[in-house]
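If you want the building blocks of each chain, they are given just below.
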Amino acid sequence: MTCSEFLAQLDDLIDNHVSVEMRADLEEHLRGCEHCEVTLSTTRKTIEVYRKHEIYELPDTMRERLQQAILAKCKKC
């Protein structure tokens, strides 16, 4: 499984709408891919924060650094 294939299944994985076989494939991919593991973890945390309606203010410099880091990672995929 590639990272792109993993990301295509991310919503269904989080919503628990994947078959047993697909879940096994996704979990196998996660064991060997730190990038997708971080993506899954971050997505789950984002959903949790959203559901709690907590607002986190980021300083402008941190927001810019975060955006640059995300764009740099996206260019590598």
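Keep in mind it's a predicted model, so treat the numbers as computed, not measured.

Some thoughts on the pattern of salt bridges
When the charged atoms of two side chains lie near each other, side chains of opposite charge can form a pair. The final tally for this structure, using the stated rule, is one salt bridge. Taking the shortest distance from any N to any O, the salt bridge between Asp-60 and Arg-63 comes out at 2.9 Å. With a gap of three residues between them, Asp-60 and Arg-63 both fall in helix α4 (residues 60-76), about one helical turn apart. Residue classification places Asp-60 among the exposed positions, given a relative accessible area of 53%. In this structure Arg-63 comes out as partly exposed when scored by relative accessible area, which is 39%.

What about a nonpolar patch on the surface?
Residues Leu-58, Met-62, Leu-66 and Ile-70 make up a contiguous nonpolar surface patch of roughly 330 Å² in combined accessible area. Assignment of secondary structure puts Met-62 in helix α4. In this structure Met-62 comes out as partly exposed when scored by relative accessible area, which is 38%.

Things to note about the environment of Arg-63
As a C-alpha pair, Arg-63 and Asn-16 span 47 residues in sequence and 31 Å in three-dimensional space. Side chain to side chain, Arg-63 and Asp-60 meet in a polar contact 2.9 Å long.

Description of unusual backbone geometry
Phi at Asn-16 is positive, roughly 60°, even though this residue is not glycine. Note that Asn-16 resides in the loop between α1 (3-14) and α2 (20-32).

Quick word on α2
The first and last C-alpha atoms of α2 sit 19 Å apart over 13 residues, in line with the 18 Å expected at 1.5 Å per residue. Regarding α2, the residues found buried are Leu-26, His-29 and Leu-30. The buried residues of α2 occupy an angular sector of 100° when projected down its axis, which confines them to one face. Summarising the geometry of α2, the exposed residues directed more than 90 degrees from the buried face are Val-20, Glu-21, Glu-28, Arg-31 and Gly-32. In this fold, the buried residues of α2 make contact with α1 and α3 (34-52).

Remarks on the confidence of the model for the protein chain
Here the protein chain averages 90 in pLDDT, and 96% of its residues register 70 or above. Mean pLDDT across the elements of the protein chain bottoms out in α4 (87) and peaks in α2 (96).

Conventions we followed
- Residues numbered from 1 in each chain as written.
- Predicted model: local features only at pLDDT ≥ 70, side-chain atom pairs only at ≥ 80, totals over all residues.
- Heavy atoms only, no water.
- Salt bridge = Lys/Arg side-chain N within 4 Å of Asp/Glu carboxyl O.
- Helix = DSSP H or I, 4+ residues; strand = E, 2+ residues; numbered from the N terminus.
- Buried < 20%, exposed > 50% of the residue type's maximum accessible area, 1.4 Å probe, protein only.
- Patch = residues over 30% accessible without salt bridge, like charges linked within 9 Å, V, L, I, M, F, W, Y side chains within 5 Å.
- Areas by Shrake-Rupley, 256 points an atom, 1.4 Å probe, with all protein chains shown as cover.
- Polar contact = N/O pair within 3.5 Å; in protein donor to acceptor, adjacent residues only side chain to side chain.
- Expected span 1.5 Å × (residues − 1).
- Arc of directions from axis to C-beta.
- Contact = heavy atoms within 4.5 Å.
- pLDDT = per-residue confidence, 0-100.

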